[in-house]
Amino acid sequence: MKKLAIISAIVLGFGFASCDSYMDINQDPNSPAESNMTPSIMLPAAEMNLAATYGNLMRIPAGYYTQHFAQAFGTSNYLDFSQFTMSATRSSTAYSQMMRGALKNLETIRTLAKDKEEWGTYLAATTLRAFGVQALVDCYGEIPFSEAFDVSIPSPKYDEGADIYAALIAELDEALANASAADVVATNFLFPGQRAGAWIQFANALKLKILSRESGVASVDSQIGAIVSEGNLPAGDVAFANLWKNENGQMNPYYSEEFATSFGSTQINVVANVAIINTLLQKDSEGAVVYQDPRLAAFFETNGSGNYTGGISGSNFSTSDAYKSTYWCRPVASYDMPVYLISKFETEFFISEYYARQGNHDQAAAHYAAAIEASFASAGVDGAEENIALFPYDPSNYKKCIGIAKWIAFTGTNDFESYCELRRLRYPAFGTVKGSDMYNLQTDASYKPELLAPGTLYTPIQVDGNIGENKLLERYPYPSSSSASNANAPKFANSDYTKPIFWAN
């Protein structure tokens with residue numbers, strides 16, 4: 001595995017390329033030796049830690065849990081993810097990198113900016129920190145937060161996810177109240193050269209996401225309605241884009257991890273899953289194609305024979321000689337692909353869902369269509385109108401149509417958010433076919449992906465015993481890098497693997 005080398009190289013590489021004094025990610029941002037640090041030095045490094053963690057270390061397992069990905073023949077790097085497994089040790093790297101490399105640095109920036117009343121920078125750091133904290137809550141349910149950034153507390157308490165969500169909204173509101181669109185923002189990669197206006201829109205979109213995610217368990221529609229009515233949201237995707245280079249340590253982190261050979265590895269792990277392939281390429285009972293989503297070619301390459309094929313979760317087909325690496329489709333990836341934080345289509349789907357809850361199905365349908373159009377635009381393909389006509393907004397089951405459409409749209413952009421929304425909306429749902437029905441590991445002739453209905457999930461061939469059939473991994477076990485040294489860490493039981501995050505209850 002090469003993750004740690006990549007993360008360090010990304011940060012240090014951009015340090016040499018763009019700024020002479022970025023902070024080493026292994027340094028404590030509160031150390032007196034760094035008393036001369038400024039937000040313009042610290043913010044780009046914190047951003048790259050967030051991008052490397054969220055855009056790679058959190059994206060890859062989520063791709064398997066959403067059944068966008070399957071494990072390639074003959075390798076086993078992520079076979080455990082393919083079987084809906086996550087260990088406390090396995091998740092520790094992402095947790096530590098996010099906490100130490102991104103969130104603690106961003107908290108330091110917040111303090112520096114607030115002391116100097118640099119409200120544009122304060123808003124930027126607050127928004128990015130809230131974004132990273134929410135991602136961790138959405139993995140674990142409970143994490144250290146209220147005491148996490150106080151260096152005098154070696155064992156910070158784990159806060160409830162609902163309490164953290166409320167605190168994040170309060171922090172964003174306070175930062176927004178102090179900021180003006182014309183405020184200057186410290187040097188950064190997300191909105192280079194722009195003032196706080198872009199960050200205000202990002203903060204509003206993040207508030208919309210946080211509130212929408214808890215909308216099933218909290219009375220937040222009045223707050224969502226205020227954001228929708230104001231309309232000050234990003235006009236396009238919010239992403240780390242146009243900054244990656246085709247050089248060691250400066251590529252998109254997901255690409256560098258899984259597709260580049262810069263670190264000497266040519267191993268193939270991530271391939272397309274039959275669940276998403278069967279949905280993007282729908283066939284009739286005779287095997288004739290009845291609809292091919294134009295985004296399929298934007299999301300996945302064809303295999304060595306020019307076809308689209310998907311692997312099955314829970315196995316890497318290791319007993320077979322027929323399904324070598326050239327049989328499976330690989331995700332489309334490039335060194336300069338963006339790391340998406342909030343996509344335009346994501347915001348439109350949240351607005352559609354808000355109107356659906358209000359019973360305003362005309363507006364819900366309009367924003368549903370706008371979301372699909374935004375997804376097609378982001379993928380760089382035409383055909384949104386046909387897709388909307390074939391798979392229209394359904395007022396009788398808005399969660400199903402939005403859930404499946406969102407799952408598809410996230411395929412090529414943000415598998416982690418897809419994993420969150422899958423657990424919340426519960427669509428796509430599990431069908432009647434299991435992975436073992438499509439392949440039994442004993443004979444190549446048993447490979448029958450056509451059995452799986454479009455827009456459905458399935459139980460992996462081999463699944464974590466703590467999960468069982470027709471269920472998702474609902475939360476990660478608390479990271480060993482935190483719980484092993486923290487006496488306040490809650491106990492994690494085997495039954496907790498299927499205990500929903502607070503917003504999914």
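Residues numbered from 1 in each chain as written. Predicted model: local features only at pLDDT ≥ 70, side-chain atom pairs only at ≥ 80, totals over all residues. Heavy atoms only, no water.

Engineer: Looking at this model, I keep getting lost on the overall build of the protein chain. Mind explaining?
Structural biologist: Of the regular secondary structure elements, the protein chain holds 19 helices and ten strands. For a compact globule of 505 residues, the expected C-alpha radius of gyration is about 23 Å, and the protein chain comes in at 22 Å, within 12% of that figure. Seen along its three principal axes, the alpha-carbon backbone of the protein chain occupies a region of about 70 × 55 × 45 Å. A sequence separation of at least 24 residues applies to 74% of the contacts in the protein chain between residues at least 6 apart. Here the protein chain displays about 18800 Å² of accessible surface, and carbon together with sulfur accounts for 47% of that area. For the protein chain, the distance from the average site of its 34 positive side-chain charges to the average site of its 53 negative ones is 4 Å. (Helix = DSSP H or I, 4+ residues; strand = E, 2+ residues; numbered from the N terminus. Rg over C-alpha atoms; globule rule 2.2 N^0.38 Å. Contact = heavy atoms within 4.5 Å. Areas by Shrake-Rupley, 256 points an atom, 1.4 Å probe, with all protein chains shown as cover. Lys, Arg positive; Asp, Glu negative; His and termini not counted. Charge placed at Lys NZ, Arg CZ, Asp CG, Glu CD.)

Engineer: Even after reading the chapter, I still don't get the pattern of salt bridges, so can you show me in this structure?
Structural biologist: If the charged atoms of two oppositely charged side chains come close together, the side chains can form a pair. In the structure shown here, the tally under the stated rule is 23 salt bridges. A salt bridge links D221 to R357; the nearest nitrogen and oxygen atoms lie 2.7 Å apart. Placement of the pair is D221 in helix 9 (residues 221-230) and R357 in helix 13 (residues 344-357), with a sequence separation of 136 residues. Note on D221: relative accessible area 23%, which makes it partly exposed. One network of salt bridges, in which partners are shared, links D138, K209, R213, D221, E353, R357, K406, E417, E421 and R424. (Salt bridge = Lys/Arg side-chain N within 4 Å of Asp/Glu carboxyl O. Buried < 20%, exposed > 50% of the residue type's maximum accessible area, 1.4 Å probe, protein only.)

Engineer: What is the right way to look at helix 14 (residues 361-379) in this model?
Structural biologist: The α-helix advances 3.6 residues per turn, and as a result positions three or four apart in sequence lie on the same side. In this model, helix 14 (19 residues) spans 27 Å end to end at C-alpha, consistent with the 27 Å of a helix rising 1.5 Å per residue. The complete set of buried residues in helix 14 reads A364, H367, Y368, A369, A371, I372, A374, S375 and F376. In the core, the buried residues of helix 14 are packed alongside strand 7 (289-292), helix 13, helix 15 (384-390) and helix 16 (398-409). In the stretch just after helix 14, G380 is the one whose phi turns positive, near 75°. (Expected span 1.5 Å × (residues − 1).)

Engineer: For this particular structure, what's the right way to read the nonpolar core?
Structural biologist: Most often, soluble globular proteins keep nonpolar side chains buried together rather than apart. With 163 residues, the main nonpolar core has F202, F240, F300 and L341 as its most contacted residues. For this core, the leading source of residues is helix 6 (residues 119-140), giving 14 residues. The contact partners of L341, leaving out residues within four places of it in the chain, are L50, Y54, L128, F131, L190, F202, V238, A239, F240, E346 and N414. (Core = buried A, V, L, I, M, F, W, Y, C linked by side-chain atoms within 4.5 Å.)

Engineer: Looking at this structure, I do not really get the side chain of E421. What am I missing?
Structural biologist: The topology assignment puts E421 in helix 17 (residues 415-425). On the basis of relative accessibility, which here comes to 3%, the residue E421 falls in the buried class. Sequence-distant contacts of E421, that is, excluding residues within four places in its chain, are made with R213, F350, K406, F410 and R426.

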